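Structural characterization, general
Here is how the chains run, residue by residue.
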Amino acid sequence: MIADRAQFIRDNTRLQAPPHAPELVLHLADEITPIWRLTEEELGEIGLPPPFWAFAWAGGQALARYLLDHPDLVRGKRVLDFASGSGLVAIAAKLAGAAYVLANDIDVFCGAALEANALANKVDIAFAADNLLDAPPPAFDLICAGDICYEKPMADQVLAWLQVARDAGAEVLVGDPGRSYFPRDRLIKLAEYQVPTTRELEDFEVKKTGVYAFA
Ligand SMILES: C[S@@+](CC[C@H](N)C(=O)[O-])C[C@H]1O[C@@H](n2cnc3c(N)ncnc32)[C@H](O)[C@@H]1O
């Protein structure tokens with residue numbers, strides 16, 4: 001079992017810039033620190049949930065790029081980064097001038113990754129590991145969700161929850177590279193990017209990825 005999550009993250013990642021949002025740096029796994037190659041059994045033996053936090057997913061990279069390029073959307077705002085993973089969207093929001101950013105992910109390793117990554121970018125970001133889907137969405141000016149449509153039950157639940165947030169007045173942005181359960185016809189596409197990724201985890205080296213708003 002992993003006693004010190006922060007140390008595990010430092011030992012198994014390299015501080016590097018995600019290719020599509022090079023303004024920030026993240027502790028990411030790569031071919032030198034390939035924790036992606038651990039099997040489910042090996043992950044279970046060391047008590048590590050699948051390390052989503054060790055990779056800058058295409059949806060998150062696109063969303064981070066969009067926030068960095070549109071600071072008017074976030075300046076002075078209260079922002080929630082739902083399903084934060086490494087925290088790249090939360091960090092981009094803060095770098096773009098958000099007043100307060102909460103990163104949320106049910107994996108506690110994401111909390112440790114967020115702490116390390118926020119420190120590396122010299123920004124202050126809060127973290128919550130609660131499952132926010134269990135209650136109505138909290139009040140935020142802007143809710144961001146990067147790459148959350150890879151499993152059907154989760155995608156359906158998150159999208160319905162985000163719709164409630166939108167109906168209550170929040171701006172809602174989703175970054176998605178065409179995952180199977182992403183309902184692109186229901187949302188408004190704001191931007192499209194060619195996002196570099198890795199063949200270790202994805203079907204293409206570069207993924208066409210959109211940033212979408214709830215109408
Ligand atoms: C593909 S990763 C995306 C991470 C990050 N947004 C990015 O784009 O790099 C999906 C993340 O969703 C998180 N997740 C799954 N169910 C969740 C839930 N109910 N609440 C919050 N996060 C959740 C996982 O732990 C994982 O970190």
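Small disclaimer: the values here were computed from a predicted structure and weren't measured.

Focus: the overall build of the chain
A tally of regular secondary structure across the chain gives 6 helices and 9 strands. Its C-alpha atoms give the chain a radius of gyration of 16 Å, near enough to 17 Å, the size a compact globule of 215 residues would have. C-alpha atoms of the chain, sized along the principal axes, occupy 45 × 35 × 35 Å. Scored against the burial criterion, the 215 residues of the chain give a buried share of 52%. Pairs at least 24 residues apart make up 65% of the contacts formed inside the chain by residues separated by at least 6 positions. Accessible surface, the chain as shown: approximately 10,000 Å² in total, 52% of it carbon and sulfur. Taken as two groups, the 19 positive and 31 negative side-chain charges of the chain have centres that lie 6 Å from each other.

Overview of the packing of aromatic side chains
All told, the structure shown has 9 aromatic pairs when counted by the stated rule. Relative to Phe 109, the ring of Trp 53 has its centre 6.3 Å away and its plane inclined at 10 degrees; by these criteria the two rings are stacked. Here Phe 109 lies in helix H5 (residues 108-120) and Trp 53 lies in the loop between helix H2 (40-46) and helix H3 (58-69), a separation of 56 residues in the sequence. In this pair, the class of Trp 53 matches that of Phe 109, namely buried. Relative to Phe 140, the ring of Tyr 100 has its centre 6.4 Å away and its plane inclined at 15 degrees; by these criteria the two rings are stacked. Pair noted here: Tyr 100 is in strand S4 (residues 100-104) and Phe 140 is in the loop between strand S5 (126-128) and strand S6 (142-146), with a separation of 40 residues, a long-range link. Judged by relative accessible area, Tyr 100 falls into the partly exposed class, the value being 32%. Judged by its relative accessible area of 10%, Phe 140 falls in the buried class. Each member of the aromatic cluster is reached from another via a ring pair, and the members are Phe 52, Phe 55, Trp 57 and Tyr 150. A cation over a ring is seen here: Arg 78 above Phe 140, with NZ or CZ 5.2 Å from the ring centre.

Description of the sheet that holds strand S8 (residues 188-196)
For sheets, the rule is that strands pair by backbone hydrogen bonds, running either parallel or antiparallel. Spatially, S5-S4-S3-S6-S7-S9-S8 is the arrangement adopted by the 7 strands of the open sheet, whose pairing is mixed. Single-partner strands in this sheet number two, and they are S5 and S8. Strand-to-strand twist of the sheet, defined as the mean angle between neighbouring strand axes without regard to direction, takes the value 20 degrees. As paired strands, S8 and strand S9 (residues 206-213) are joined by 8 bridges and run antiparallel to one another. For Pro 196, the partnering residue across the bridge sits in S9 and is Val 206. Running over the sheet, H3 touches S6, strand S7 (171-176), S8 and S9 and is turned about 115 degrees from S8.

Structural notes on the nonpolar core
Counting residues in each nonpolar core, the largest one holds 36 residues, and the members touching the most others are Leu 24, Leu 67, Val 79 and Ile 125. Put simply, the parts of the chain that give this core at least two residues each are strand S2 (26-28), H3, helix H4 (88-95), S4, H5, S6, S8 and S9. When residues of this core are assigned to their parent elements, the largest contribution, 7 residues, is made by H3. When residues no more than four places from it in sequence are discounted, the contact partners of Val 79 are Val 74, Ala 93, Ala 98, Tyr 100, Val 101, Leu 102, Phe 140, Leu 142 and Cys 144.

Quick notes on the rules
- Residues numbered from 1 in each chain as written.
- Predicted model: local features only at pLDDT ≥ 70, side-chain atom pairs only at ≥ 80, totals over all residues.
- Heavy atoms only, no water.
- Helix = DSSP H or I, 4+ residues; strand = E, 2+ residues; numbered from the N terminus.
- Rg over C-alpha atoms; globule rule 2.2 N^0.38 Å.
- Buried < 20%, exposed > 50% of the residue type's maximum accessible area, 1.4 Å probe, protein only.
- Contact = heavy atoms within 4.5 Å.
- Areas by Shrake-Rupley, 256 points an atom, 1.4 Å probe, with all protein chains shown as cover.
- Lys, Arg positive; Asp, Glu negative; His and termini not counted.
- Charge placed at Lys NZ, Arg CZ, Asp CG, Glu CD.
- Phe/Tyr/Trp six-rings, centres within 6.5 Å; stacked < 30°, edge-to-face > 60°.
- Lys NZ or Arg CZ within 6 Å of the ring centre and 35° of its normal.
- Pairing = 2+ DSSP bridges.
- Axes fitted to C-alpha atoms, helices over the stretch in contact; angles between N-to-C directions.
- Core = buried A, V, L, I, M, F, W, Y, C linked by side-chain atoms within 4.5 Å.

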